[in-house]
Amino acid sequence: MSKDYQVRDINLAEEGQQKIEWVSGWMPVLNSLYKKFSSENNFKNKKVALCIHLEAKTAYLALTIQKLGAEVWITGSNPLSTKDEIAAALAKQGVHVFAKHAAAPEEYHSFIKSIVENNMDVIVDDGGDVCEFLQENPRYGVNLKGICEETTTGVNRLKELASTGKLLYPAIAVNDAKSKHLFDNRYGTGQSTWTAITHLTNLNVAGKTVVVAGYGWVGRGVAARAHGMGAEVIVTEIDPWKALEARMDGFRVMPMMKAAGEGDFFITTTGLSGVITTAHIQKMRSGAMLSNAGHFDFEIGGGIINIAGGLGHPVDIMDMSFSVQLGCINYFLSSEKQAPAVYRVPPEIDELVTREKLKVERIEIDS
């Protein structure tokens, strides 16, 4: 058994707790599901691990799981997005935290081992790193009832394993829930990316040319927000359908090599490598701004702009995403162990979260 936590500075806990208390008041859907699940006792004495961007909103999810009766382990899915004050606050409240901002790769991988070595019942993953570790070290997954994967990139990694028959565990593609990707990926990343960029650069966006690499849900959100701020938007794509959709949404579409000479801001949103290369950078005008809003830092060699350079998604957007996560954790804990495969979010969970969101927004619809 590892020691209870490894954080940068436990004395930062009070600062972190203040931030967690702030977000707690803006997550009414998650609070509603907590009340619903608290009478079912599915979490009691269970072990849940989370590898997720470690900041105030995710901390509140971890504490909600703990309040439901589970023992919780957590690490950050990207060391550059880990907030040391949040890690300290969680450690103070009895969560097993293994996370430090800007941890070296070796330390990051040791943290992953630390959160799973006690044989978890359920794991929340963000990008697929924990799943990969368990695939290579199956002795730590003997009790595992399932993995709840948060991101597009992580779901793609799971589906690749499943397609070759190599996936060892059942997994739910949380990212594919309508109440997650339609709102989190699009509106959450769209707003938080531009909040971070404008805060870091103090530059006006109106009248500038913005190049968005990729037109998935994240790319759509980033492009729409740029357009709303008065920018001219160029989209680059490899998918012909998405390229045509971007054009019909009113954006210019062209190869990156051509767009490289026109942009003032470049934002990658693909989760892939080689999207912007040295050859592209050499064509960019002096002073062009380059940033990454995709999952991995290998897109351009930099961390995720909206988290590493900002506060991450708006709290009321993440309220929905984490409510889906909580619902999926409850589903695994209350079900018999299933065969290794990638499963959809149960439709009743997806609809429950959306209807709860409508309720807190005081929106009525027809039946």
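Residues numbered from 1 in each chain as written. Predicted model: local features only at pLDDT ≥ 70, side-chain atom pairs only at ≥ 80, totals over all residues. Heavy atoms only, no water.

A. Structural view of the layout of surface pockets. Estimates place the volume of the second largest pocket at around 390 Å³. Along its surface, the second largest pocket is lined by 21 residues, and Glu-55, Lys-57, Gly-310, Leu-311 and Gly-312 are the ones closest to its centre. If you list the elements that add at least two residues to the lining of the second largest pocket, you get helix H1 (13–24), helix H3 (56–67), helix H4 (84–92) and helix H8 (178–201). Top contributing element to the lining of the second largest pocket by residue count: H8, with five residues. Per-class residue counts for the lining of the second largest pocket are eight nonpolar, eight polar and five charged. (1 Å grid on protein atoms, 1.4 Å probe; cavity = no way out; pocket = protein on both sides within 12 Å on 5 of 7 lines; lining within 4 Å. Points joined across faces, edges and corners; volume = space filled by probe spheres on them. Helix = DSSP H or I, 4+ residues; strand = E, 2+ residues; numbered from the N terminus. Nonpolar A, V, L, I, M, F, W, Y, C, P; charged D, E, K, R; others polar.)

B. Structural view of unusual backbone geometry. With a phi close to 60°, Asn-41 is a non-glycine residue in the positive phi region. In this structure, Asn-41 sits in the loop between helix H2 (28–38) and strand E1 (47–51). Judged by its relative accessible area of 48%, Asn-41 falls in the partly exposed class. Not every positive phi belongs to a glycine, and Arg-362 is a case in point at roughly 60°. Position of Arg-362 relative to the elements: it lies in the segment after helix H15 (347–360). (Buried < 20%, exposed > 50% of the residue type's maximum accessible area, 1.4 Å probe, protein only.)

C. Local environment of the nonpolar core. Ranked by internal contacts, the top residues of the largest apolar core, which has 51 residues, are Leu-50, Ile-65 and Val-97. In terms of residues, this core owes the most to one element, helix H14 (residues 315–333), which gives ten residues. With near-sequence residues (within four places) excluded, Val-97 lies in contact with Asp-4, Tyr-5, Gln-6, Val-7, Leu-54, Ile-74, Ala-87, Leu-90 and Ala-91. Counting 23 residues, the second largest nonpolar core, distinct from the first, contains Ile-115, Tyr-140, Leu-167 and Ala-171. (Core = buried A, V, L, I, M, F, W, Y, C linked by side-chain atoms within 4.5 Å. Contact = heavy atoms within 4.5 Å.)

D. Quick look at the side chain of Lys-180. Topologically, Lys-180 is positioned in helix H8. Of the polar contacts made by the side chain of Lys-180, one reaches the side chain of Asn-175; its length is 3.1 Å. Beyond its immediate sequence surroundings of up to four residues, Lys-180 is in contact with Glu-150, Val-174, Asn-175, Asn-185 and Ser-321. (Polar contact = N/O pair within 3.5 Å; in protein donor to acceptor, adjacent residues only side chain to side chain.)

E. Examining the pairing of strand E11 (residues 289–292) more closely. Sheet topology places strand E10 (residues 265–268) next to E11; four bridges connect them, and they run parallel. Counterpart to Ile-267 in the pairing with E11 is Ser-291. Crossover E10 to E11 through helix H12 (residues 278–283) is right-handed. (Pairing = 2+ DSSP bridges. Right-handed = clockwise from strand over helix to strand, strands pointing away.)

F. The sheet that holds E1, seen in detail. Read from one edge to the other, the open sheet built from seven strands follows the order E3-E2-E1-E4-E5-E6-E12, with strand pairing classed as parallel. Where the open sheet ends on each side, the last strands, each with one partner, are strand E3 (96–97) and strand E12 (342–343). Across two bridges, strand E2 (residues 71–75) lies against E3 in parallel orientation. Directly across from Ile-74, in E3, lies its bridge partner Val-97.

G. The arrangement of the pairing of E1 in detail. Judged by how many residues are buried, E1 sits mostly within the fold: four of five residues are covered. This β-α-β element, E1 to H3 to E2, shows right-handed connectivity. Pairing of E1 with strand E4 (residues 122–125), which is carried by four bridges, proceeds in the parallel orientation. Paired with Leu-50 across the strands is Val-124, a residue of E4.

H. Representation of the pattern of salt bridges. Tallied over the entire structure, the rule returns 17 salt bridges. A salt bridge links Glu-262 to Arg-252; the nearest nitrogen and oxygen atoms lie 2.9 Å apart. Of this pair, Glu-262 sits in the loop between helix H11 (256–259) and E10 while Arg-252 sits in strand E9 (residues 252–253), and the two are ten residues apart along the sequence. In this structure, Asp-264 and Arg-285 form a salt bridge, with 3.1 Å as the shortest nitrogen-oxygen distance. Placement of Asp-264 in the loop between H11 and E10 and of Arg-285 in the loop between H12 and E11 is noted, with a sequence separation of 21 residues between them. It is possible to trace a salt-bridge network through shared partners that takes in Glu-15, Lys-19 and Glu-85. (Salt bridge = Lys/Arg side-chain N within 4 Å of Asp/Glu carboxyl O.)

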